[in-house]
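One letter stands for each residue in the lines below.
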Amino acid sequence: MVKIDIKSLSLAELQQEMENIGEKKFRAAQLYEWMHRKLARDFSEMTNLSLSLREKCGEHFDLTVLKPVRVQESKTDGTKKFLFELPDGNLVESVLMKYHHGNSVCISSQVGCRMGCRFCASTLGGLVRSLTAGEMLDQIYAVTHHTGERISNVVVMGIGEPLDNRENLLRFIKMLTDEDGLHISQRNITVSTCGLVPEIRKLAEERLQITLALSLHGVSDEKRRELMPIAEKYSIGELMDACRYYFEKTGRRITFEYALAGGVNDTEADAKGLILLASSLHAHVNLIPINPVKERTYTASGREAVRAFQKKLTDAGINATLRREMGRDIDGACGQLRRNYG
Ligand code: SAH
């Protein structure tokens, strides 16, 4: 018998499953609370359920729990990187970042990635599979469990392309923001995409209040194609139309992520192009000095060049922030996550 992945079920689905195994519907709410509020790691912890029900659950359901096989802590900023083992033995990474305004977890959405961005470590071995909603949720639950830290913000910017895993992503967002679960506000969730145009349009239809971040990195089709294979498929024009549509449907401003690589995309012309694109969409720009990846050749723009680039944007009235390179010493920064021991 194939067991049901109980952590990926909505409360309504869980109620149905309880009926299917001959249990009262209200048991579902108790189980749901144990999993998604009390973050129980095993059916045996669910002490207000009878022993026989706990055993029955073990027979019918798999309770997804991620095992931290390595935890590294940054000496410079306290960022923690977790290498988690999934129930099938695959590995993904998640990162806990502490900010003044609260704790943020960066989670993975897939084992590997098939997008092939030329500056990113996560895509080196291709895509193995997408994560389930339960596996995405449990990255947050496991980080909370192992650190005792309350999480207020979640960014889906770890390994994988979240919009290449839309259904599980949507299920994950609904469950994470549900009042029966951790009840994190949609506004505290950011989903980052390399720019899958049809998927951005579909996501817009959901009218969520999450922040959508677009990994832009180049302001001409030519430059973008050099850096990101996905740019062969969708032009910047099509991408901007999809982002405009997203903004119109949701009222939420897009964030452009722009990783600065020295001598590659940090020229005067690049800044001008970025100003035009960002102002046409009222987008916020997040600059990231590109993080080193040993198999890749790109190097970050120098500190001065980064500041000067940012100043050009802000002088033109663009809201441009500089991302702190948190966790770089433990390869926990953007583009440095991988599905193995590195
Ligand atoms: N697939 C999604 C989310 C994962 S990557 C996406 O492409 O947006 C999260 C962010 O890190 C993206 O903006 C990505 O382009 C960026 N990134 C990847 N490699 C990087 C590197 N070496 N330095 C800085 N940012 C990088």
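Residues numbered from 1 in each chain as written. Predicted model: local features only at pLDDT ≥ 70, side-chain atom pairs only at ≥ 80, totals over all residues. Heavy atoms only, no water.

Assigned domains of the protein: these are domain 1 (4–62) and domain 2 (67–340). A separation of 33 Å is found between the C-alpha centroids of domain 1 and domain 2. Taken residue by residue, the interface counts 13 residues in domain 1 and 16 residues in domain 2. Both sides together, the interface formed by domain 1 and domain 2 hides about 1,200 Å², and carbon and sulfur atoms give 51% of it. The interface formed by domain 1 and domain 2 contains three salt bridges. Across the salt bridge formed by Asp138 and Lys7, the nearest N and O atoms sit 2.7 Å from each other. (Domains from an automatic or database assignment. Contact = heavy atoms within 4.5 Å. Buried area = accessible area lost by both parts, 1.4 Å probe. Salt bridge = Lys/Arg side-chain N within 4 Å of Asp/Glu carboxyl O.)

Turning our attention to the pattern of salt bridges. In total, this model carries 19 salt bridges according to the counting rule given. Here Arg114 and Asp164 are joined by a salt bridge, their closest N and O atoms 2.7 Å apart. Separated by 50 residues along the polypeptide, Arg114 in the loop between strand 7 (110–112) and strand 8 (127–130) and Asp164 in the loop between strand 9 (153–156) and helix 5 (166–177) bring together distant segments of the chain. (Helix = DSSP H or I, 4+ residues; strand = E, 2+ residues; numbered from the N terminus.)

A complete count under the given rule lists two aromatic pairs for this structure. Judged by centre distance (5.5 Å) and plane angle (10 degrees), the rings of Phe82 and Phe84 are stacked. Aromatic pair Tyr258 and Phe309: ring centres 5.6 Å apart, planes at 15 degrees, arrangement stacked. Here Phe309 lies in helix 10 (residues 303–315) and Tyr258 lies in strand 12 (residues 255–260), a separation of 51 residues in the sequence. We classify Phe309 as buried; its relative accessible area is 1%. The ring of Trp34 is capped by Lys38, whose NZ or CZ atom sits 3.9 Å from the centre of that ring. Cation over ring: Arg201 sits above Tyr245, and NZ or CZ is 5.0 Å from the ring centre. (Phe/Tyr/Trp six-rings, centres within 6.5 Å; stacked < 30°, edge-to-face > 60°. Buried < 20%, exposed > 50% of the residue type's maximum accessible area, 1.4 Å probe, protein only. Lys NZ or Arg CZ within 6 Å of the ring centre and 35° of its normal.)

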